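What the coordinates show
Residue-level listing of the chains:
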Amino acid sequence: MAPSFDWWAKDSHKGTPVVVKMENPNWSMVELEGPSEEDFLITDSPSRLGRDKSRNKNAKQLTWVLLLKAHKAAGCLTSIATTMVSLGSAIKRRIHSGRTDTETTDIDRENENPTVKTRFYTSIKIFLWMSVLLLGFEIAAYFKGWHFGAPHLQLQYLLATPFGFKDIFDSLYSRWVLFRVEYLAPPLQFLANACIVLFLIQSIDRLVLCLGCFWIRFKNIKPIPKQDAVADLESGENGFFPMVLVQIPMCNEKEVYQQSIAAVCNLDWPKSKFLIQILDDSDDPTTQLLIKEEVHKWQQEGARILYRHRVIRDGYKAGNLKSAMNCSYVKDYEYVAIFDADFQPTPDFLKRTVPHFKDNEEIGLVQARWSFVNKDENLLTRLQNINLAFHFEVEQQVNGTFINFFGFNGTAGVWRIKALEESGGWLERTTVEDMDIAVRAHLHGWKFIFLNDVECQCELPESYEAYRKQQHRWHSGPMQLFRLCLPDIIRSKISMWKKFNMIFLFFLLRKLILPFYSFTLFCIILPMTMFIPEAELPAWVVCYIPATMSFLNILPAPKSFPFIVPYLLFENTMSVTKFNAMISGLFQLGSAYEWVVTKKSGRSSEGDLVSLVQKETKHQRGSSEPNLDELKEEIMQQDQKAKKKRKHNRIYMKELALAFLLLTASARSLLSAQGIHFYFLLFQGISFLLVGLDLIGEQVQ
């Protein structure tokens, strides 16, 4: 008689212990013992011995494996639950301490018409409530048996049994289906098809730009200055060193003024050949005194630097630059280099840009590329870096190489002063004075050069609030400019190809059509097709083409490939702000002329920090005025108090409303088993929810 086996009897267990460590720290380590040889000993025939031994061994191993898998699954579930609880707590804290974007300051009330501001939000809320009501209606119909796999099946069923309904609800739902088939689906499908065509045109443009960038890399095409110009620069004072004016416009930017002034004062250029203008529009007396002191220190070090302050801040940055160019001594200079307050040019910046002007009288602008000291600070800065890397390496480089025209970026560029004067100088008519002067210079026949290998470091906005305001200005300004410049473009003497490029590609396709179809197609039409399934969006429109475009966009920043999905979702999320800004600029609404200085944190690279430390060491030889020392101490105390203040976040109502709209539509898509549409709507809705609760980027004080 075969002996009985007691697997879990401790006395008979002498197996090798196996230690399994779970990934979840909430679970303790578990010690399991594998079976020993004695567990398989039986006193019977050899064949039966082999069979029973194998059977018992397999059963024991299976039990052991299942136990491990169950333990690991429990650990994963606990980890997910903990994460969800933490996320819920964070959302609760954010909502409790947050302020909605409807809370405005006195300045906001002056610049914005409340009726105009709420009109867009009201439209989104109407779509949201409609979707909620329709979702309830569709769920009720689903449990009544009205669930079909495709729209044409619904229509066939209704036409086959027009009077076979059981109750009032069935009759009502059948009339609703016939109504949407007859009246709602055709216009929605027409609008969807129009947006798809625009989407395809914009995708083709993006593909052509990428092919152009690939060709530039393959052929190693890049602007090369005259050989004698480079040799002259290296030869000494008798070489090619034209007079250069350096301008730094700033306004209430006490976080960054020191590093920008230090960077331009350390430019490797003969002292007698360039002059620095600090154009301060600050209305804060403390900031004014600090910038004055910094300028005074560098003057003592031998730098040719001047401080200019405007009492009346008319025209914002354009008015500031225009005022500076009216100085009498500007006529002695041939070129002007412009840097925003957070830009830190390398010492050889002028030596790598100015030589391109020599013996080439057609060149009006040399633009350098931006690089970012805080691109890895948080998820928001990483996503911005993807966008701007594509803008500079693909858009700017391709346009500069093949058509010698692109939009001036407002900073990190060198202008020929003659080109500025012939183009009409700085105008205060829009919030994108940099694009304005570039368009007018191009219409006057001036050519531009983009240097992809010359970088100038700057900062990216680290909070969503700052980034949102920046993007609003960047997308409303071009539409203002388009209205103003269209007659001039049509009447200009440039070729028809250049007119087509400027009107259709530069303005309409990349500044108007892109935000229009992004918002309309993915935030309005796609959710509506869930409730009106007779109008369809193909899967390649929802998934494959956007994924391909995101892949192309991320190529210039290959280290950002892990963020390709968040980038796609975030770009669609930002389409709300861009669409609203585009409409404001196109129709000259109240917020189109709003100018808000982008909030900066004053981050520097390691090299800049070393130079600043050396600079401070040199400045210790001089002494500051007593009142400035007291002022610095007071500022330090204020900064310490500010750090102790509780930070808050904004709750963005438009983004939240669209989040619930998309999530409602994703729930409706489950009823008709639309797989790819469900996943897109779900993740896009979550993206809107995170942005609406300001869970991306830094909080603000």
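Placed above this text is the structure.
First, a word on what this report is: a plain description of the structure on this page. (Residues numbered from 1 in each chain as written. Predicted model: local features only at pLDDT ≥ 70, side-chain atom pairs only at ≥ 80, totals over all residues. Heavy atoms only, no water.)

The next point concerns a nonpolar patch on the surface. Together, Phe214, Trp215, Phe218, Ile221 and Phe402 make up a nonpolar patch on the protein surface, roughly 560 Å² of accessible area in all. Looking at the nonpolar patch, the element that brings in the most residues is helix α5 (residues 168-219), giving three residues. Relative to the helices and strands, Phe402 resides in helix α11 (residues 379-402). (Patch = residues over 30% accessible without salt bridge, like charges linked within 9 Å, V, L, I, M, F, W, Y side chains within 5 Å. Areas by Shrake-Rupley, 256 points an atom, 1.4 Å probe, with all protein chains shown as cover. Salt bridge = Lys/Arg side-chain N within 4 Å of Asp/Glu carboxyl O. Helix = DSSP H or I, 4+ residues; strand = E, 2+ residues; numbered from the N terminus.)

On to unusual backbone geometry, then. We note that Asn252 has phi near 55°; this positive angle belongs to a residue other than glycine. Within the secondary structure layout, Asn252 lies in the loop between β4 (244-250) and α7 (257-265). Even without being a glycine, Ala412 presents a positive backbone phi close to 60°. Looking at the element boundaries, Ala412 is found in the loop between α11 and β9 (413-416).

Using the criterion set out here, one finds 22 salt bridges in the structure. Salt-bridge contacts for Glu465 lead to Lys469; the nearest nitrogen and oxygen are separated by 3.6 Å. Placement of the pair is Glu465 and Lys469 together in helix α14 (residues 464-491), with a separation of four residues, close to one helical turn. Of the residues examined, Glu465 reaches a relative accessible area of 15% and is grouped as buried. (Buried < 20%, exposed > 50% of the residue type's maximum accessible area, 1.4 Å probe, protein only.)

Of all seven residues making up β4, seven are buried, and the element is well covered by its neighbours. Bridging between β4 and strand β5 (residues 274-280) involves seven bridges; their strand directions are parallel. Bridge assignment links Met250 to a residue of β5, and that residue is Asp280. Crossover β4 to β5 through α7 is right-handed. Pairing of β4 with strand β7 (residues 335-338), which is carried by four bridges, proceeds in the parallel orientation. Of the residues in β7, the one forming a bridge with Val246 is Ala337. (Pairing = 2+ DSSP bridges. Right-handed = clockwise from strand over helix to strand, strands pointing away.)

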